[in-house]
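Inside the fold
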Amino acid sequence: MTKTTDINQTTLLAISCLLKQGKHIDRTSTTVAMMTVFICCVSIFLKISFIEIIGSLSLISLMLWLIQKYYSIRTSIDTDLFSYLAANSQSANERINELDDCFSRLILKKKNNSNWLKRQKGALNLLKKQLVFFIAQVILFFIVLVSLFFNL
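Throughout what follows, the structure given in this document is the object of discussion. Just so we're clear, the structure is a prediction, and the values are computed from it rather than from any experiment. (Residues numbered from 1 in each chain as written. Predicted model: local features only at pLDDT ≥ 70, side-chain atom pairs only at ≥ 80, totals over all residues. Heavy atoms only, no water.)

**Topic: the nonpolar core**
Which entries qualify depends on this criterion: Side-chain atoms within 4.5 Å are what join buried Ala, Val, Leu, Ile, Met, Phe, Trp, Tyr and Cys residues into a set we call a nonpolar core. For each residue, the accessible area found with a 1.4 Å probe, counting protein chains only, is set against the maximum for its type, and the residue is called buried under 20%, exposed over 50%, and partly exposed in between. Where helices and strands are cited, they refer to DSSP runs of H or I of at least four residues and of E of at least two residues respectively, numbered from the N terminus.
Ranked by internal contacts, the top residues of the largest apolar core, which has 26 residues, are Leu12, Leu19, Phe82, Leu85 and Trp116. Mapped onto this core, the elements with two or more residues apiece are helix 1 (9-45), helix 2 (51-87), helix 3 (92-105) and helix 4 (116-150). The biggest single contributor to this core is helix 4, with nine residues.

**A look at the environment of Ser43**
Note the following rule: The criterion used for residue contact is that any of the two residues' heavy atoms lie within 4.5 Å.
As for its position among the elements, Ser43 is in helix 1. What Ser43 contacts, discounting residues up to four positions off in sequence, is Ile48, Ile51, Ile54 and Leu148.

**Let's talk about the packing of helix 1 against helix 2**
Worth spelling out the cut-off: The angle between two axes is taken between their N-to-C directions and runs from 0 to 180 degrees, where each axis is a line fitted to C-alpha atoms and a helix contributes only its stretch in contact. Here roughly perpendicular refers to angles of 65 to 115 degrees, roughly parallel to angles under 35, roughly antiparallel to angles over 145, and oblique to all remaining angles. Should the near helix be turned counterclockwise from the far one by less than a right angle, the crossing is left-handed, whereas a clockwise turn marks it as right-handed. Residue polarity is assigned by list, with Asp, Glu, Lys and Arg as charged and Ala, Val, Leu, Ile, Met, Phe, Trp, Tyr, Cys and Pro as nonpolar; anything else, Gly included, falls into the polar class.
Across the interface, helix 1 lies against helix 2 with an axial gap of 8 Å and an inter-helix angle of 160°. Between helix 1 and helix 2, the angle is such that the two are roughly antiparallel. Viewed along their axes, helix 1 and helix 2 form a crossing whose handedness is left-handed. Split into classes, the residues belonging to the contact of helix 1 with helix 2 amount to 16 nonpolar, 15 polar and four charged.

**What to know about a nonpolar patch on the surface**
Applied cut-off: Two joining distances apply to patches: 9 Å for like charges and 5 Å for nonpolar side chains (Val, Leu, Ile, Met, Phe, Trp, Tyr), and every residue must have over 30% relative accessible area and no salt bridge. Methods summary: accessible areas were calculated by the Shrake-Rupley approach with a probe of 1.4 Å, and residue burial reflects only the protein chains presented. Should a side-chain nitrogen of Lys or Arg be within 4 Å of a carboxyl oxygen of Asp or Glu, the pair is scored as a salt bridge.
Together, Leu131, Ile135, Ile139 and Ile143 make up a nonpolar patch on the protein surface, roughly 330 Å² of accessible area in all. Here Ile135 is to be found in helix 4.

**Focus on the pattern of salt bridges**
Counted according to the given criterion, the structure contains one salt bridge. Salt-bridge contacts for Asp26 lead to Lys69; the nearest nitrogen and oxygen are separated by 2.8 Å. Taken together, the positions of Asp26 in helix 1 and Lys69 in helix 2 put the pair 43 residues apart, joining distant regions of the chain. For Lys69, a relative accessible area of 28% puts it in the partly exposed group.

This is the structure in structure tokens:
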């Protein structure tokens, strides 16, 4: 049986609200990715001599965007699950066991009856990883932007 001693509706809602920020991070990250592509296209159009450097940095930035997107999808799934559990907090123990069984049947996760605190930390770690890749992407974007303006 899954340990659920520290499950309550407030905790579930708080985790869900934090995880919802992943959607905003994802939208902003997508905007940065599109701006990176735009800068790369402008560089090609202007026939800038260091296009290889801008192109390489832009490609790395787009790869960071894809990794961030992966974490965004996983965070989104956890957001929905935590919201569902918060709405059904009176029967959270049963719902968690049902989710474990479902994930086990879908071969998405081994059935391991981990405690609830580990699940919360795991979901928040996904959000942190998403944020780290987003920050790296933004830093690269600004490096590309600054190098473009200083070399025009």
